[in-house]
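Structural characterization, general
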Amino acid sequence: MEKDIIKGKKFISALSNRLKVEVIRHQPEDQITILVDRNDLPEAVRSLYYDMGGWLSTMIANDEREINGNYAVYYVLSMEGGKMDESDELSAEEKCWIIVKALIPAHDPVYPSVSLKVPAAVWYEREARDMMGLVAEGHPDQRRLVLADDFPSGVYPLRKDSIDYRDRFAPYDVDKEPEYEFLYPEGTGTVDVPVGPVHITSDEPGHFRLFVDGETIIDADYKLFYVHRGMEKLAENRMDYDQISFLAERVCGICGFAHAVASIECSENVTGLEVPERARCIRTICLETERLHSHLLNLGLASEFTGNVTAFLQLFKIREHTMEMAQILTGGRKTYGMILTGGVRRDITDVERKEMLRIMDKVEQDFTECFAGVVDSPNFINRVTGIGILKPEIARDFSPVGPTVRGSGFKRDTRYDHPFDWYKKVEFKVPVQNGGDVLSRVLVRAEELYESISIIKQSLELIPP
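Residues numbered from 1 in each chain as written. Predicted model: local features only at pLDDT ≥ 70, side-chain atom pairs only at ≥ 80, totals over all residues. Heavy atoms only, no water.

Our next topic: the overall build of the protein chain. When helices and strands are counted, the protein chain shows 15 helices and twelve strands. Against the 2.2 N^0.38 benchmark of 23 Å for 465 residues, the protein chain shows a C-alpha radius of gyration of 23 Å, consistent with a compact globule. Taking the principal axes of its C-alpha atoms as reference, the protein chain extends roughly 60 × 60 × 50 Å. With 465 residues in all, the protein chain has 48% of them scored as buried. (Helix = DSSP H or I, 4+ residues; strand = E, 2+ residues; numbered from the N terminus. Rg over C-alpha atoms; globule rule 2.2 N^0.38 Å. Buried < 20%, exposed > 50% of the residue type's maximum accessible area, 1.4 Å probe, protein only.)

Within the secondary structure, Glu 352 is located in helix H10 (residues 350–375). Buried within the structure, Glu 352 lacks any salt-bridge partner; its nearest side chain of opposite charge belongs to Arg 346, at an N-O separation of 4.3 Å. Setting aside chain neighbours within four positions, we find Glu 352 in contact with Ile 328, Arg 346 and Asp 347. (Lys, Arg positive; Asp, Glu negative; His and termini not counted. Salt bridge = Lys/Arg side-chain N within 4 Å of Asp/Glu carboxyl O. Contact = heavy atoms within 4.5 Å.)

Of note, Asn 70 is situated in strand S4 (residues 70–79). Excluding anything up to four places from it in sequence, Asn 70 contacts Asp 63, Glu 64, Arg 65, Leu 103, Ile 104, Pro 105 and Ala 106.

So, about unusual backbone geometry. The omega torsion across Gly 196 and Pro 197 is 5 degrees, close enough to zero to call that bond cis. Structurally, Pro 197 is set in strand S8 (residues 191–198). Although it is not a glycine, Lys 83 adopts a positive phi angle of roughly 65 degrees. Within the secondary structure, Lys 83 sits in the loop between S4 and strand S5 (96–105).

Another aspect to go through is the sheet that holds strand S9 (residues 206–213). Judged by pairing direction, the sheet is antiparallel, and its three strands sit side by side in the order S8-S9-S10 without closing on themselves. Of all strands in the sheet, those with a lone pairing partner are S8 and strand S10 (216–223), marking the two edges. The mean inter-strand angle of the sheet, taken between neighbouring strand axes irrespective of direction, is 20 degrees. Pairing geometry for S9 and S10, over seven bridges, is antiparallel. Opposite Phe 211, over in S10, you have Asp 219 as the bridge partner. (Pairing = 2+ DSSP bridges. Axes fitted to C-alpha atoms, helices over the stretch in contact; angles between N-to-C directions.)

With nine of ten residues buried, S5 is to be regarded as a mostly interior element. Direction of pairing for strand S2 (residues 31–35) relative to S5: parallel, over a ladder of five bridges. Its bridge partner being in S5, Leu 35 is matched across the sheet by Lys 101. Here ten bridges tie S4 to S5, and the two strands are oriented antiparallel to one another. In the sheet register, Met 79 faces S5, and the bridge partner there is Cys 96.

Right, let's get into the nonpolar core. The biggest cluster of nonpolar side chains holds 50 residues, and the ones touching the most others in it are Ile 34, Leu 41, Val 73, Tyr 75, Val 100 and Tyr 111. Sorting the residues of this core by element identifies helix H1 (9–16), S2, helix H2 (41–51), strand S3 (54–64), S4, S5 and helix H4 (122–132) as the ones contributing at least two each. For Val 73, the contacting residues outside a window of four places in its chain are Leu 41, Met 59, Ile 60, Ala 61, Val 100, Lys 101, Ala 102, Ile 104, Tyr 111 and Leu 134. Of all hydrophobic cores here, the second largest spans 49 residues; its members include Phe 257, Val 261, Leu 315 and Val 442. (Core = buried A, V, L, I, M, F, W, Y, C linked by side-chain atoms within 4.5 Å.)

Turning our attention to the sheet that holds S4. What the five strands build is an open sheet, ordered S1-S2-S5-S4-S3; its pairing is mixed. The sheet terminates laterally at strand S1 (22–26) and S3, the two strands that pair on one side only. Averaged over neighbouring strand pairs, the angle between their axes works out to 25 degrees when direction is ignored. The pairing of S3 with S4 spans ten bridges and is classified as antiparallel.

Within the structure shown, the criterion is met by 40 salt bridges. For Glu 364, the salt bridge identified is with Lys 457, shortest N-O distance 3.1 Å. Here the residue Glu 364 occupies a position in helix H10, and Lys 457 occupies one in helix H15 (residues 438–462), the gap between them amounting to 93 residues. In this structure Lys 457 comes out as partly exposed when scored by relative accessible area, which is 22%. Ionic contacts of the salt-bridge type, sharing partners, join the residues Glu 80, Lys 83, Glu 89, Lys 95, Arg 412 and Asp 417 into one network.

Looking now at the packing of helix H6 (residues 241–248) against helix H7 (residues 256–271). The interhelical angle for the contact between H6 and H7, taken along N-to-C directions, is 160 degrees, at an axis separation of 7 Å. What the angle tells us is that H6 and H7 run roughly antiparallel. Judged by the twist between their axes, the crossing of H6 over H7 is right-handed. Across the interface between the two elements, Tyr 241, Asp 242, Ile 244, Ser 245 and Ala 248 from H6 touch Gly 256, His 259, Ala 260, Ser 263, Ile 264 and Ser 267 from H7. (Parallel < 35°, antiparallel > 145°, perpendicular 65-115°, else oblique. Left-handed = near helix turned anticlockwise from the far one by under 90°.)

The next point concerns the pairing of S4. In terms of burial, S4 is largely enclosed, as ten of its ten residues are buried. Side-chain alternation along S4 places Asn 70, Ala 72, Tyr 74, Val 76 and Ser 78 on one buried face and Tyr 71, Val 73, Tyr 75, Leu 77 and Met 79 on a second face that is also buried.

Below is the structure:
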């Protein structure tokens, strides 16, 4: 075992007692990459996930044939404790990232599905099949996920030798995959209600099948990814590291800056690049400003969907102040373009700092008055209580994030479990609700709004020279 491993050592040691494990990378200090045999992959991930308190953050397939002659899959686990109760959470010294890697031979691009043991991997493995042609044997759902029905068979966009992005092919190839088949629940007595394909303005476009018994929806199936744009291939072929961050910010119209930060800080971490503390502080302020207007958007829509249009308008009026702050901070109301490798694009003047502190006071005061009226409405409470319940045991199996998982009783938050940038320097709480329903998630967002205001105020007060 490598001597420089501090965080994660006990997990690797425990796993090594069961399987053959090779530590192949340890950089930065809280990230460890291990190599296992592809046949041991499901048990390695399961053991880290359930036995040692891991959560699946993502899974990536990669074409490494030019490097080692193989494809590879990487399962990224956040080691933070199962968190089914407070005693189940790891200490700050134990929390780390463990990346489980397995090589998949180019002549036999097949590996045993992890989804059978860790359900959280189900979508990732479907995507790996679509985009890289790696087949997870035994996977419970072999349908396409990302690619359209008429996309040609045998073409895997993220392979290095796949078709060039400038090439064209017939949109309705005769050798196309069969059309998407919706999964119907077992038994009889249900009626299926087709919905879509529709463009839902507040979420992703989708095609749904709702299975109803009377007026009760007992099951559903869906097809998403209608807005898949091939951004990974575009970044791979056309852009350098700084340019990729501008593209990454356009992944999402609400949380774009978070994608840009993930993109840039990945390259900074792997190269060990030192970033000025003032720049890290400004990044954190931008992230929390984005969180503010995101939560206000969701809370406003929750009010509108339950018939309270007045609250919707008032919350969006408050949201406008956060957009104004973003414009002072970055020059843009939503798409910031602030982050560059090694720092940020703009600084904060003392005049701007004082104006942003004034705006935060205004947002906090107005939100307190408005939201009190929202939660005092019996109509709102009746419409969101006991609806859309995500049970804790299901949440544990599928590794959700954000208000979704925190509304089901889990104190999960990357800023708290793996603090980065200025989150190491400020104090904040991680709001948790235990109802698992829409009301719980709404209350988490409301509580987080106050925490974001606090983080921004602390950062503006403590910002280094």
